[in-house]
Amino acid sequence: MFNYQQTYLKGIRTMSAAGTKNEGRSRFSDEQIRFLECMFETHSRPELKMKQELAKTLGLQPRQVAIWFQNRRARSKSRQIEEEFNNLKHNYEMLASMSECLKEENRTLVTQVRL
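Residues numbered from 1 in each chain as written. Predicted model: local features only at pLDDT ≥ 70, side-chain atom pairs only at ≥ 80, totals over all residues. Heavy atoms only, no water.

Engineer: Please clarify how the overall build of the chain should be interpreted in this entry.
Structural biologist: What the chain contains, in helices and strands, is four helices and two strands. Tracing the chain from N to C terminus, the helices and strands come up as α-β-β-α-α-α. Split into buried and exposed, the 115 residues of the chain put 19% on the buried side. The contacts of the chain with a sequence gap of at least 6 include a subset with a gap of at least 24, amounting to 56%. (Helix = DSSP H or I, 4+ residues; strand = E, 2+ residues; numbered from the N terminus. Buried < 20%, exposed > 50% of the residue type's maximum accessible area, 1.4 Å probe, protein only. Contact = heavy atoms within 4.5 Å.)

Engineer: Quick question: what am I supposed to make of the nonpolar core here?
Structural biologist: The tendency in soluble globular proteins is for nonpolar side chains to be buried as a group. Of all hydrophobic cores here, the largest spans 12 residues; its members are Phe35, Leu36, Met39, Phe40, Met50, Leu54, Ala55, Leu58, Leu60, Val65, Trp68 and Phe69. Broken down by secondary-structure element, the contributors of at least two residues to this core are α2 (30–42), α3 (48–58) and α4 (62–114). (Core = buried A, V, L, I, M, F, W, Y, C linked by side-chain atoms within 4.5 Å.)

Engineer: Where do I start with the side chain of Gln32 in this structure?
Structural biologist: Considering the arrangement of structural elements, one finds Gln32 in helix α2. In terms of polar contacts, Gln32 uses its side chain to reach the backbone amide nitrogen of Ser29, at 2.7 Å. A polar side-chain atom of Gln32 sits 2.8 Å from the main-chain carbonyl oxygen of Leu58. (Polar contact = N/O pair within 3.5 Å; in protein donor to acceptor, adjacent residues only side chain to side chain.)

Engineer: Sorry, what's going on with the packing of α2 against α4 here?
Structural biologist: In the contact formed by α2 and α4, the axes pass within 11 Å of each other and the chain directions differ by 65 degrees. For α2 against α4, the interelement crossing comes out right-handed. Residue-level contacts link Leu36, Glu37, Met39 and Phe40 of α2 to Val65, Trp68, Phe69, Arg72, Arg73, Arg75 and Ser76 of α4. Broken down by class, the residue content of the contact of α2 with α4 amounts to six nonpolar, one polar and four charged. (Axes fitted to C-alpha atoms, helices over the stretch in contact; angles between N-to-C directions. Left-handed = near helix turned anticlockwise from the far one by under 90°. Nonpolar A, V, L, I, M, F, W, Y, C, P; charged D, E, K, R; others polar.)

Engineer: I tried to follow the pattern of salt bridges on my own but got confused; where do I start?
Structural biologist: Pairing between side chains of opposite charge can happen when the charged atoms of each approach one another. Applying the stated criterion across every chain yields a total of five salt bridges. For Arg72, the salt bridge identified is with Glu37, shortest N-O distance 2.9 Å. In this pair, Arg72 sits in helix α4 while Glu37 sits in helix α2, placing the two residues 35 residues apart along the sequence. Here Arg72 falls in the buried class, since its relative accessible area comes to 13%. Note that Lys103 and Glu100 form a salt bridge whose closest N and O atoms lie 3.7 Å from each other. Here the residue Lys103 and the residue Glu100 both occupy positions in helix α4, the gap between them amounting to three residues, near one helical turn. With relative accessibility at 41%, the residue Lys103 sits in the partly exposed group. (Salt bridge = Lys/Arg side-chain N within 4 Å of Asp/Glu carboxyl O.)

Engineer: Before we go on, may I ask you to explain α4 in this structure?
Structural biologist: Since the α-helix packs 3.6 residues into each turn, any two residues three or four apart lie on the same face. Relative to the 78 Å expected for 53 residues at 1.5 Å per residue, α4 spans 77 Å between its end C-alpha atoms, a close match to the ideal helical length. What α4 keeps buried is the set Val65, Ala66, Trp68, Phe69 and Arg72. On the buried face of α4, the contacting elements are α2 and α3. (Expected span 1.5 Å × (residues − 1).)

Engineer: Just to check I follow, could you spell out α2 for this structure?
Structural biologist: If you check α2, its first and last C-alpha atoms are 19 Å apart, about what 13 residues at 1.5 Å a residue would give, namely 18 Å. Of all the residues in α2, the buried ones are Gln32, Phe35, Leu36, Met39 and Phe40. With its buried residues spanning 140 degrees around the axis, α2 presents them on a single face. Set apart from the buried face of α2 by more than 90 degrees, the exposed residues are Asp30, Glu41 and Thr42. (Arc of directions from axis to C-beta.)

Dropping the structure here:
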């Protein structure tokens, strides 16, 4: 078992996939999700051995753990893309506004030169 798991698991009893069935799938318990989120912060792509140990620790199947990490990476990437889009949109709007101001200034200067 990994050292960080031992530290985290002190006082935590064995967990199983608790919750209601939704279309044949079981939901992860809040404690399992907190544990997986904590692991994701340091290991977004855990190796097979780590996934197997996590599954054993959490009372899950290794495939459930693998899919959870895959889905979490996808959600993380989606959030990152959304943030980048919002930043680009903000920058575009600022540049468009500056462009309009410069066009107006240019028109004013052209009018002054013609007079």
